[in-house]
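Each chain, written out:
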Amino acid sequence: MANCAPKIAPPERIEPDHVLDHKAKLLADKIRAAKHFIVFTGAGISTSAGIPDFRGPEGVWTLRKQGRQHEAKSKAVETVKAMPTPTHMALVELQNRGILKYLISQNCDGLHRKSGISPEMISELHGNSNREHCRDCSKEYLRDFRAVAPYTKTVKDHRTGRKCADCGGVLLDSIINFGEFLWPEVLESARKHSKKADLCLVLGSSLTVPPANECPETVGRKRKATLAICNLQETPIDFLCGEEEEGMRVWGRTDDLMVKVMEHLGLEIPKFILKRRLMVKVEGDLGKDRLSVRVGGVDVDGKTPATFLQSVKLEGSRRAAKIDPFVIAFRMDNLDEDKGRLKLELEFMGHFNEPNLVVEHEVDWDAEGEIGKEVMYFLDYNPLTGEWKTERGE
Ligand code: CNA
């Protein structure tokens, strides 16, 4: 990765609305016809979420070059509090419908995963500030906080100070710093999909950072493939959008383009819903009345551990559990008398002002009085209404 930005940023351009609409229609037709449609995203898709880019006129590096770095900081939204944009949500819908075959992103703000993109659908080439992984067994962990070390250290030291819950190995942050190599499997997957793609749409990138920018370039240089770029500034591979491929270089905001593209595809952009998945398991010895309930979060894939709770309190217990995974000991008299339920009060990290939520967990006993089936709860939070919707999985 290269760390550079000119003092005077190349100008940003926006085409008139009717031109944007015309190009959106052409692009929608291309998407419909494509066999392997991929998208490549950059910092420009998150500027409308309040996260500044690097090289735009108000970008972090542009302002730093001009001695105005404090302005970038004062305007920026904390990434954990940022909401996925219409562009992020349009990509989720295209993924869910099987239209988008793969997503390559240079962003480390975590918004793609937060919006609902599945882990196997994306190469986060430069990492994700909310993701850490085990040095020994590679297990991943998603955190609702910056997954970096809480103490000062060199940037080359990626240890976060936490340990893997599976094997006890050292956890490492996933951020790629300047001069560091990208994770080989992540880059390999991005390259594989670029070779296969017959349509690549670049959204919000200056395309100046190698080796990431080689992915869209691969598509642009293929004879029977189309490269489309939507970016406010010029990019070094604009010429690969092709003269005969009219309208594939779009000068506009990615949200404006994606709203129009989705209209032409006849698809709605879903509203952002914060999707939390909670695993609850009761363990212990029923005969001796020594039981415990284990509560933890997982990502939308149902596997990757996700830390989004601050505490869990069991009704009838004096203290809340504050360490993830949350394990609380209880006795039979903690159960709701009529229904055999545990009432668990969940306290969230609360970046979207999520209120506490009480989950009533019906304990499953089998014929022999054995306990222990793990149950997943689907907790969906609407940040606009401030409401939770809870559903127990099978
Ligand atoms: P960049 O070099 O800062 O380029 C961003 C481009 O987006 C610029 O050319 C802007 O003109 C353009 N742009 C800004 N807003 C919009 C918009 N609404 N619609 C269309 N275009 C827009 O960033 P790149 O992603 O190209 O460079 C890769 C770097 C930036 C990676 O190493 C990232 O980690 C790094 N970065 C990431 C984030 C993030 O995760 N949100 C933020 C800032 C920088």
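Residues numbered from 1 in each chain as written. Predicted model: local features only at pLDDT ≥ 70, side-chain atom pairs only at ≥ 80, totals over all residues. Heavy atoms only, no water.

1. Side note on the site of the ligand
As a reminder, the rule being used: Any residue with a heavy atom positioned within 4 Å of a molecule or strand is treated as near that molecule or strand. Polar contact is defined as a pair of N or O atoms within 3.5 Å, subject to the rule that within protein one atom must be able to donate a hydrogen and the other to accept it, and that residues adjacent in sequence are counted only when both atoms are side-chain atoms. Residue-level accessible areas treat just the shown protein chains as cover; the underlying method is Shrake-Rupley with a 1.4 Å probe.
The environment of the ligand is formed by 28 residues, the closest being Glu-12, Phe-54, Arg-55, Ser-206 and Gln-233. Residue Leu-232 places a main-chain N or O atom 3.3 Å away from a nitrogen atom belonging to the ligand. Isolated, the ligand exposes 850 Å² of accessible area, and the fraction of that covered by the protein chains is 95%.

2. What to know about the pairing of strand β19 (residues 387-392)
Within a regular strand, the side chains alternate between the two sheet faces. Put simply, the test is: Think of it this way: DSSP has to see at least two bridges between two strands before they count as a pair. The secondary structure listing takes helices from DSSP runs of H or I that are at least 4 residues long and strands from runs of E that are at least 2 residues long, numbered from the N terminus.
Two elements, strand β18 (residues 375-382) and β19, share six bridges in a ladder whose sense is antiparallel. Bridge assignment links Tyr-377 to a residue of β19, and that residue is Arg-392. Here β18 folds back onto β19, and the loop between the two strands holds four residues, one of which, Gly-386, carries a positive phi near 75°.

3. Quick word on empty space enclosed by the protein
To keep it simple, the criterion reads: Using protein atoms alone on a 1 Å grid, points that fit a 1.4 Å probe yet trap it form a cavity, whereas open point sets bounded by protein on both sides within 12 Å along at least five of seven lines form a pocket; residues with an atom within 4 Å of a point count as lining. Grid points are joined across faces, edges and corners, and a volume is the space filled by probe spheres set on the points.
Taken as a whole, this structure holds two cavities of 30 Å³ or more when the rule is applied. Volume-wise, the largest cavity comes out at about 260 Å³. Taken together, 20 residues form the lining of the largest cavity, with Arg-113, Lys-114, Leu-142, Arg-276 and Asp-299 sitting closest to its centre. Looking at the lining of the largest cavity, the elements that each hand over two or more residues are α5 (111-115), β5 (140-143), β11 (274-285) and β13 (306-307).

4. A closer look at the environment of Tyr-151
Quick note on the threshold: Accessibility here uses a 1.4 Å probe with only protein chains present; expressed as a share of the type maximum, an area under 20% marks a residue as buried, one over 50% as exposed, and anything in between as partly exposed. Any pair of residues with heavy atoms lying within 4.5 Å of one another is described as a contacting pair.
Mapped onto the elements, Tyr-151 comes out in the loop between β5 and β6 (159-163). The class for Tyr-151 is partly exposed, based on a relative accessible area of 41%. Taking the C-alpha atoms as reference points, Tyr-151 and Ser-123, separated by 28 residues in sequence, lie 28 Å from one another. Residues in contact with Tyr-151, not counting those within four places in the same chain, are Arg-159, Thr-160 and Gly-161.

5. Overview of the nonpolar core
To be explicit about the condition: In plain words, nonpolar cores are sets of buried Ala, Val, Leu, Ile, Met, Phe, Trp, Tyr and Cys residues tied together by side-chain atoms within 4.5 Å.
Core analysis: the biggest nonpolar cluster contains 53 residues, and Phe-37, Phe-40, Leu-94, Leu-203 and Leu-257 have the highest contact counts within it. Counting 34 residues, the second-largest nonpolar core is a separate cluster that includes Met-89, Leu-309, Phe-352 and Ile-371.

6. A word on the layout of surface pockets
Operational definition: All amino acids are sorted into three groups, where Ala, Val, Leu, Ile, Met, Phe, Trp, Tyr, Cys and Pro are nonpolar, Asp, Glu, Lys and Arg are charged, and the leftover types, Gly among them, are polar.
Of the pockets and cavities examined, the second largest pocket occupies roughly 600 Å³. As for the second largest pocket, its lining consists of 29 residues, of which Tyr-141, Ala-165, Pro-305, Asp-324 and Pro-325 are closest to the centre. Of all the secondary-structure elements, those providing two or more residues to the lining of the second largest pocket are β5, β6, β11, β12 (290-298), β13 and β14 (309-314). Broken down by element, the residue count for the lining of the second largest pocket peaks at five residues, all from β12. Tallied by class, the residues present in the lining of the second largest pocket amount to 14 nonpolar, four polar and eleven charged.

7. Remarks on the sheet that holds strand β16 (residues 341-348)
To be explicit about the condition: Lines fitted to C-alpha atoms define the axes, with helix axes restricted to the stretch in contact, and inter-axis angles between N-to-C directions lie between 0 and 180 degrees.
The antiparallel open sheet is built from three strands, whose spatial order is β14-β16-β17. Every other strand in the sheet has two partners, leaving β14 and β17 (357-362) as the edge strands with one partner each. Within this sheet the neighbouring strands show an average axis-to-axis angle of 25°, counted without direction. Inspection of the sheet shows β16 paired to β17 by six bridges, in the antiparallel sense. Across the sheet, residue Arg-341 finds its bridge partner in β17, namely Glu-362.

8. Notes on the packing of aromatic side chains
Test applied: Pairs were defined over the aromatic rings of Phe, Tyr and Trp, the Trp ring being its six-membered one, requiring ring centres within 6.5 Å. Orientation was assigned from the angle between planes: stacked under 30 degrees, edge-to-face over 60, tilted for the rest. Both a distance and an angle decide whether a charge sits over a ring: NZ of Lys or CZ of Arg must be within 6 Å of the ring centre and within 35 degrees of the ring normal.
Within this structure, the stated rule accounts for six aromatic pairs. Relative to Trp-61, the ring of Phe-54 has its centre 3.9 Å away and its plane inclined at 20°; by these criteria the two rings are stacked. Here Phe-54 falls in the partly exposed class, since its relative accessible area comes to 35%. Consider the rings of Tyr-381 and Trp-388, whose centres lie 5.0 Å apart with planes at 45°: the pair is tilted. On the accessibility criterion, Tyr-381 (2% relative accessible area) is buried. Overall, Trp-388 belongs to the buried group, its relative accessible area being 15%. One aromatic cluster is present, built from ring pairs that chain together Phe-308, Phe-348, Tyr-381 and Trp-388. One Lys or Arg, Arg-13, reaches over the ring of Trp-251 and ends 4.3 Å from the middle of that ring. Positioned above the aromatic ring of Trp-251 is the side chain of Arg-249, whose terminal nitrogen or guanidinium carbon lies 3.7 Å from the ring centre.

9. Examining the environment of Leu-27
On the secondary structure map, Leu-27 appears in helix α1 (residues 17-33). C-alpha separation for the pair Leu-27 and Ala-228, spaced 201 residues apart in sequence, amounts to 8.0 Å. When near neighbours in sequence (up to four residues on either side) are disregarded, Leu-27 contacts Leu-201, Ala-228, Met-248, Leu-257 and Val-261.

No statement about biological role is implied by the geometric values presented.
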